[in-house]
Amino acid sequence: MGIDYLKERYVNPYTDFGFKRLFGNEISKDLLISFLNALLHEEQHIVDITYLRNEHLGVLEKDRKAVFDVYCENDKGEKFIVEMQKAEQQFFKDRSVFYSTFPIREQALRGEWDYKLKAVYTIGILNFVFDENREDENYYHHEIKLMDINKKEVFYDKLTFIYLEMPKFTKTETELETLFDKWMYVLKNLPRLMERPVALQERIFERVFRVAEIAKFNKNELVEYEESLKVFRDLNNVINTAEQKGETRGEARGRAEGRAEGRAEGERKKALDIARNLKSSGLPVEDIAKFTGLTLNEISNL
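In this text, all values refer to a predicted model and were calculated from it rather than measured experimentally. (Residues numbered from 1 in each chain as written. Predicted model: local features only at pLDDT ≥ 70, side-chain atom pairs only at ≥ 80, totals over all residues. Heavy atoms only, no water.)

**A look at the confidence of the model for the protein**
Detailed conclusions should not be drawn from predicted coordinates in areas where pLDDT is low. Averaged over every residue, the pLDDT of the protein is 84; residues scoring 70 or more account for 85%. Under a pLDDT of 50 for its full length, residues 59-63 has, in the predicted model, two contacts with residues more than four places off or in other chains. Contacts of residues 250-259 to residues separated by more than four positions or lying in other chains number nine contacts, the stretch itself having pLDDT below 50. (pLDDT = per-residue confidence, 0-100. Contact = heavy atoms within 4.5 Å.)

Take a look at the structure:
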């Protein structure tokens, strides 16, 4: 299968290859810096970043490992996990919190240590919406910190979770106002664009479109992107099919025993169906676990 250049000029950032092309390479780290500054413009200004090892093992050999899409630190030593989450999974929030523990624990010093920590940011670019916010179409930018419930004040400001529900971002080119708006527009629409929009005149977006142009890929990059794009499309097809089946089963069970329980069973069944199909397509078990939230043992037993 070759890529149809007439239909697709720029890389799809929802693919593993595309996301790392834009944000995960040393030669394009200025793009990540610009995106993070646009996202955190009221909190800080990042001057430089250093990419860190993205695979982390637990304290013990039997502990589960974590593999981040992009992991880096800024010039102040603050840590950033940036992930493109292509599909909804059963325990996504749990996984997100679990991942945040790795950059926290690795700051521990041997010997005398006063427990002072650098800030940790976990940023999720989501190709789905949270169920509890599905009806609020304008609420797509979530920023979460530890809060004192009674005072309604931030209790601890060094642990931040930011989630961007991309399907809810519907601004058109003429509605883009801030740099953050423009980055959201690029991430949402890049594979559908045939040229650089007039509204994106900043120099950083000139870089984005140059880095993202498929015609500039070498042979190895092109092969890698085609494979990444195939996995992305297969995942979408599997999810769409499983959703239809899962919703049907969940609705039937919901009528008999309650909507919540029926939905839970439908979600569980959907995750298993997705895992089973992805496994048959040859996707690595670790990637299937990331997409579905199932354990390695559950997937191995399918």
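Still more to cover.
**As for the sheet that holds strand S6 (residues 120-126)**
Across the sheet, which stays open at both edges, the six strands sit in the order S1-S4-S5-S6-S8-S7 with mixed pairing between neighbours. Of all strands in the sheet, those bounded by a partner on one side alone are strand S1 (49-51) and strand S7 (141-148). The average undirected angle you get between the axes of adjacent strands in this sheet is 25°. Relative to S6, strand S5 (residues 79-85) is paired through seven bridges, and the arrangement is parallel. Paired with methionine 84 across the strands is isoleucine 125, a residue of S6. (Pairing = 2+ DSSP bridges. Helix = DSSP H or I, 4+ residues; strand = E, 2+ residues; numbered from the N terminus. Axes fitted to C-alpha atoms, helices over the stretch in contact; angles between N-to-C directions.)

**A short note on the pairing of S7**
In this sheet, strand S8 (residues 153-165) lies alongside S7 in antiparallel orientation, the contact comprising seven bridges. Counted as the bridge partner of leucine 146 is tyrosine 156 from S8. Here S7 folds back onto S8 in antiparallel fashion, the turn holding four residues, of which lysine 152 has a positive phi close to 60°.

**A look at helix H2 (residues 29-39)**
Summarising burial for H2: ten of the eleven residues are buried, a large majority. Turning to H2, its buried residues number three or more, namely Lys29, Leu31, Leu32, Ile33, Ser34, Phe35, Leu36, Asn37, Ala38 and Leu39. (Buried < 20%, exposed > 50% of the residue type's maximum accessible area, 1.4 Å probe, protein only.)

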